[in-house]
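Fold and geometry: a report
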Amino acid sequence: MSRVQPSDLLSSRSWLRWIFEGRYRWGYVSTSTGRYGSESIHLSLYPPESSRVLRRCAHLTRTWPRFTVVGTAVTAPSAVIIADISLIVAGAGPLILLMFVWVALTRISAPVTGHTAFISARRSGIGSDIEDDFRYSFVRGLFIELHMVEQQLESGEISWDEYQQVWSTTFAELSSQDP
């Protein structure tokens, strides 16, 4: 019989945190590369004063549609086999239930999602526009700073207060900008 190592528990705790909170406690980032090498980045910061539970609900609200598809796809065939009902009826039950949960999560997380700060930038891969390049570099710099602070918190290099200070400063900066 093998013993559970502390690193295994840490790893499973990290995965659970990622499932419920996402990769970052402060919000989320999305990057993409488009046709002809254009790049875009979208950064979303949750309000720093929001509770952990509400941030978790906001993250689950964003990811719930994927969970609904997977949950329905997994449970419907099992229900067909067990209950001897049609696939449509077997899929409708879990789908409706999971959609109600999504609506509830959306309502619960409204205080966080309604005050989330957003910033995005795009730069062309073909022609250079100084303003677009500057904005892209600015947003990417914010993301790198927040990513590094998240890693420092996870490794114990900084305290929660230091982490939240960077998060609060960045949030205030984004909130004060014009969209």
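Relevant structure appears above.
Residues numbered from 1 in each chain as written. Predicted model: local features only at pLDDT ≥ 70, side-chain atom pairs only at ≥ 80, totals over all residues. Heavy atoms only, no water.

1. Structural notes on the packing of helix H2 (residues 52–83) against helix H3 (residues 87–108)
At a minimum axis separation of 8 Å, H2 and H3 run at an interaxial angle of 170°. Classed by the angle they form, the pair H2 and H3 counts as roughly antiparallel. Of the residues belonging to the contact of H2 with H3, the class tally is 20 nonpolar, seven polar and no charged. (Axes fitted to C-alpha atoms, helices over the stretch in contact; angles between N-to-C directions. Helix = DSSP H or I, 4+ residues; strand = E, 2+ residues; numbered from the N terminus. Parallel < 35°, antiparallel > 145°, perpendicular 65-115°, else oblique. Nonpolar A, V, L, I, M, F, W, Y, C, P; charged D, E, K, R; others polar.)

2. Quick notes on the packing of aromatic side chains
Under the criterion given, the structure shown has seven aromatic pairs. Measuring from centroid to centroid gives 5.9 Å for Tyr24 and Phe143, while their planes differ by 85°, and the two rings are edge-to-face. One end of the pair, Tyr24, is in the loop between helix H1 (6–21) and strand S1 (27–33); the other, Phe143, is in helix H5 (residues 130–155), and 119 residues separate them in sequence. Phe143 gets classed as buried once you look at its relative accessible area, which sits at 17%. Among the aromatic residues, ring-to-ring pairing joins Tyr24, Trp26 and Phe143 into one connected group. If you follow Arg62 out to its NZ or CZ, it ends over the ring of Tyr28, 3.5 Å from the centre. (Phe/Tyr/Trp six-rings, centres within 6.5 Å; stacked < 30°, edge-to-face > 60°. Buried < 20%, exposed > 50% of the residue type's maximum accessible area, 1.4 Å probe, protein only. Lys NZ or Arg CZ within 6 Å of the ring centre and 35° of its normal.)

3. Describing the nonpolar core
Counting 23 residues, the largest nonpolar core has Trp26, Leu43, Leu45 and Tyr163 as the members making the most contacts within it. If you list the elements that add at least two residues to this core, you get strand S2 (39–45), strand S3 (117–123), H5 and helix H6 (160–176). In terms of residue count, the dominant contributor to this core is H5 (seven residues). Sequence-distant contacts of Trp26, that is, excluding residues within four places in its chain, are made with Leu43, Ser44, Leu45, Tyr46, Phe143, Leu146, His147, Glu150, Tyr163 and Trp167. Counting five residues, the second largest nonpolar core, distinct from the first, contains Cys57, Leu60, Trp64 and Leu98. (Core = buried A, V, L, I, M, F, W, Y, C linked by side-chain atoms within 4.5 Å. Contact = heavy atoms within 4.5 Å.)

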